[in-house]
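Survey of secondary and tertiary structure
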Amino acid sequence: MQLRIRSITYLAEDINGYELVDPNGHDLPRFAAGAHVGVRLGDAGREGVWRDYSLWNDPAERRRYCIAVLREGEGSRRLHDEIRVGDTVETTLPRNNFPLAEGAARHLLLAGGIGITPVMAMIAELKRRRVEFTLHYCTRSPEKTAFRDELDLLAAMGRVVFHYDGGDPAKGLDVAALLREPRPGTHLYYCGPAGLMAAAKAASAHWPADTVHCEYFKGPAAAPPARLEDDRPFVVRLAKSGGNYEVPPGETILDMLRRHGVETRSSCELGYCGACLTRYVEGEVDHRDPILNEAARKTHLLICCSRAKSAELVLDL
Ligand code: FES
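Here the structure is a predicted model, which is why all the values come from computation and not from measurement.

Rules behind the numbers
Residues numbered from 1 in each chain as written. Predicted model: local features only at pLDDT ≥ 70, side-chain atom pairs only at ≥ 80, totals over all residues. Heavy atoms only, no water. Domains from an automatic or database assignment. Contact = heavy atoms within 4.5 Å. Buried area = accessible area lost by both parts, 1.4 Å probe. Salt bridge = Lys/Arg side-chain N within 4 Å of Asp/Glu carboxyl O. Polar contact = N/O pair within 3.5 Å; in protein donor to acceptor, adjacent residues only side chain to side chain. Helix = DSSP H or I, 4+ residues; strand = E, 2+ residues; numbered from the N terminus. Expected span 1.5 Å × (residues − 1). Buried < 20%, exposed > 50% of the residue type's maximum accessible area, 1.4 Å probe, protein only.

**Some details on the domain arrangement of the protein chain**
You can read the domains of the protein chain as domain 1 (2–90), domain 2 (106–215) and domain 3 (228–315). Its C-alpha centre places domain 1 at a distance of 23 Å from the equivalent point of domain 2. Taken together, the contacts link 18 residues of domain 1 with 15 residues of domain 2. The three residues of domain 1 that bury the most area against domain 2 are E13, S54 and W56, which together make up 33% of that side's buried surface. Here domain 1 is connected to domain 2 by 3 salt bridges. The tally of links from domain 1 across to domain 2 stands at 5 residue pairs in polar contact (both at pLDDT 80 or more). Elements represented by at least two residues in the side of domain 1 that touches domain 2 include exactly β1 (2–12) and β5 (65–70). By residue number, the principal contributor to the side of domain 1 that touches domain 2 is β5, which donates 3 residues.

Shown next, in the form of structure tokens:
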């Protein structure tokens, strides 16, 4: 989709908000809380550089998508430095790897830094559903805290707790203590920088798997190991288009499909963003991503990193 930048706002130090609208004023495709869109930045290569940004506005709004961009990394710097009000940008349709669970009694939200963005949309949705929630929001300082004014009222009601660590995580939220005793009926959602993701993952390891949800907006400090020594060749069959291709050791399914001219979508290519999520219909997958839960793994895989344990894998492509 081509969308116009209707406004750019200062949300916090180094964080800008971008409001995207249809150039002709039409409604936009619906999205659910937790969704993100890919935004194409520049012309590096045929497909450009795509970066995913979570939508933070109320999913009930049909006329705009709002993203928040931390000035970090080349693509996001380009948005800060080059994009102006009135420009158009190309985006994907919204995708959602981080949806709210239906029917949960209460929701515990944990956000770090720019990881607040999908959580803002969740809060709008949970308020509408009148479901109990608490947000713990970790940042370095009040100046670096986006949406502080919007959240102040909820903080006064005890539903939002700000944690400022001044740059020293040891002075911030004790994630292990917060997650030590899961309450029945509570679902946990977390999104933030690598340190918070690692802490939340470790601290929630004893929670029922289907009550824990997370979204990596950036890979952990180290990329997942290539595990080349574990790679075996296998065949990928495309159920719809009928292609039959071998994936050699050291090459991903995504790269192999590209090599054969099969259209694919990707963004991080490290197994963290979900852009390359693909359904499979036969075969046993060697899942190598850190983001899919057990239920998702039964039907889908991330083709930028996962491989097959079986000799053949049939994709719904
Ligand atoms: S491209 Fe990001 S998970 Fe595959």
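Now, onward.
**Side note on helix α2 (residues 116–129)**
For α2, spanning 14 residues, the distance from its first C-alpha to its last is 20 Å, which sits close to the expected 20 Å at 1.5 Å a residue. Of all 14 residues in α2, 11 are buried; the element is thus mostly enclosed. Listed in full, the buried residues belonging to α2 are I116, T117, P118, V119, M120, A121, M122, I123, A124, E125 and L126.

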